[in-house]
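The primary structure of each chain is shown beneath.
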Amino acid sequence: MLNKTFQDILIEAGCDEAGRGPLAGPVAAAAVILPKDWSNPILNDSKKMSEKNRRLLKDIIEKEAVAWAVEMVSPQEIDQINILNASFAAMNRAIQKLKVKPQLLLIDGNRFKSDLAIPYQCIIGGDGKFLSIAAASVLAKTYRDEYMLNIAKEYPMYGWDRNKGYPTKEHRLAIARFGISPYHRRSFRNEANQLNLFELQKEEK
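Residues numbered from 1 in each chain as written. Predicted model: local features only at pLDDT ≥ 70, side-chain atom pairs only at ≥ 80, totals over all residues. Heavy atoms only, no water.

Asker: Just to check I follow, could you spell out the layout of surface pockets for this structure?
Answerer: With a probe scaled to a water molecule rolled over the atoms, the places where space remains empty come into view. In this structure, the largest pocket spans a volume of roughly 200 Å³. Elements with a minimum of two residues in the lining of the largest pocket: β1 (12–18) and α4 (131–154). In terms of residue count, the dominant contributor to the lining of the largest pocket is β1 (3 residues). Of the pockets and cavities examined, the second largest pocket occupies roughly 160 Å³. Taken together, 13 residues form the lining of the second largest pocket, with E12, I33, L34, P35 and K36 sitting closest to its centre. Residue classes in the lining of the second largest pocket are distributed as 8 nonpolar, 2 polar and 3 charged. (1 Å grid on protein atoms, 1.4 Å probe; cavity = no way out; pocket = protein on both sides within 12 Å on 5 of 7 lines; lining within 4 Å. Points joined across faces, edges and corners; volume = space filled by probe spheres on them. Helix = DSSP H or I, 4+ residues; strand = E, 2+ residues; numbered from the N terminus. Nonpolar A, V, L, I, M, F, W, Y, C, P; charged D, E, K, R; others polar.)

Below is the structure:
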């Protein structure tokens, strides 16, 4: 069962990101402030939820949260500042977009960097421990997935509607055949020679 709050005095915002590992597409982050007594029986770490339940929760969170915001950092900016800093940037921008200013940030993970004058607490596995972080994980994941579905229409050969830009065999084979797109992260290792040559030859037959 997820905890409702980390403490009971300050206004908390849960923060999480989605899309640090893919070869293509943006990294997304969300910040969510929930009512103190809010709960939902199907909310969990977004990775443990079905796509149907994530979509359902997305609408509920947007309707019932005190405040929420989602921001994305492009592949081009990821290449400039690296994926870790891009994740921090996305979270900071989402926090700044909140219509209610939080007094404490609950950050999923073990590291965070911010110029905002708001104290924060890093929590490893936080999306499986606190409602607000889990809610942020759902928004970050659903918004990024929707973005990848849209750009998959522009570049259908990479299978982004299925792999969401992650380094699946299908995705790497497509990179080997078609090269990279403007949506690929050039600083990530997505060259064809990462593929096992024998596997590639088998796939071609």
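Let's pick the thread back up.
Asker: I keep staring at the side chain of K164 and nothing clicks. Help me out?
Answerer: Here K164 shows up in the loop between α5 (160–163) and α6 (169–178). One buried charge, K164, has no salt-bridge partner; the nearest side chain with opposite charge is D145, at 5.0 Å. (Buried < 20%, exposed > 50% of the residue type's maximum accessible area, 1.4 Å probe, protein only. Lys, Arg positive; Asp, Glu negative; His and termini not counted. Salt bridge = Lys/Arg side-chain N within 4 Å of Asp/Glu carboxyl O.)

Asker: Explain the sheet that holds strand β4 (residues 104–108) here, please?
Answerer: What holds strands together in a sheet is hydrogen bonding between their backbones, with the strands either parallel or antiparallel. One open sheet holds the 5 strands; their spatial order is β3-β2-β1-β4-β5, and the pairing between them is mixed. Each edge of the open sheet is held by one strand with a lone partner, namely β3 (67–73) and β5 (120–123). For this sheet, the mean angle separating the axes of adjacent strands, direction not counted, is 20°. With 4 bridges connecting them, β1 and β4 associate as parallel partners. Across the sheet, the residue bridging to C15 is I107, located in β4. (Pairing = 2+ DSSP bridges. Axes fitted to C-alpha atoms, helices over the stretch in contact; angles between N-to-C directions.)

Asker: What's the story with the confidence of the model for the chain in this structure? I'm lost.
Answerer: Detailed reading of the predicted coordinates is not advisable wherever pLDDT falls low. Summarising the model, the chain shows a mean pLDDT of 92, and 92% of its residues fall at 70 or more. Counting interchain partners and residues more than four positions distant, the pLDDT-below-50 stretch residues 191–205 has 13 contacts. (pLDDT = per-residue confidence, 0-100. Contact = heavy atoms within 4.5 Å.)

Asker: Help me out: how do you make sense of unusual backbone geometry in this one?
Answerer: Peptide bonds are mostly trans, and most non-glycine residues show a negative phi. Not every positive phi belongs to a glycine, and N82 is a case in point at roughly 80°. Structurally, N82 is set in the loop between α2 (75–81) and α3 (83–97). Here the phi dihedral of K164 falls at roughly 55°; this positive angle occurs in a residue that is not glycine.

Asker: Looking at this structure, I do not really get empty space enclosed by the protein. What am I missing?
Answerer: Throughout the structure, instances matching the rule amount to 1 cavity of 30 Å³ or more. Roughly 60 Å³ of internal volume is contained in the largest cavity. For the largest cavity, the full set of lining residues is E51, R54, R55, T142, D145, E146 and L149. If you list the elements that add at least two residues to the lining of the largest cavity, you get α1 (51–64) and α4. It is α4 that contributes the most residues to the lining of the largest cavity, 4 residues altogether.

Asker: What is the right way to read the pairing of strand β2 (residues 27–33) from this model?
Answerer: Of all 7 residues in β2, 7 are buried; the element is thus mostly enclosed. Neither face of β2 is left uncovered, since the one carrying V27, A29, A31 and I33 and the one carrying A28, A30 and V32 both have all their residues buried. Here β1 runs beside β2; their pairing, made up of 5 bridges, is antiparallel. Counted as the bridge partner of D16 is A30 from β2.

Asker: When you look at the side chain of D127 in this model, what are you seeing that I'm missing?
Answerer: Topologically, D127 is positioned in the loop between β5 and α4. When its relative accessible area of 5% is taken as the criterion, D127 is described as buried. Among all residues touching D127, those that are not within four sequence positions of it are L2, D16, N44, D45, K47, D108, I133, A134 and S137.

Asker: How do you make sense of the pattern of salt bridges when you look at a structure like this?
Answerer: Evaluated as defined, the whole model comprises 10 salt bridges. Among the salt bridges present, the one from R93 reaches E77, with a minimum N-O distance of 2.6 Å. Taken together, the residues R93 in helix α3 and E77 in helix α2 connect sequence positions 16 residues apart. Between K141 and D145 there is a salt bridge, and its shortest N-O distance comes to 3.4 Å. You can see K141 and its partner D145 sitting in helix α4, 4 residues apart, about one turn around the helix.

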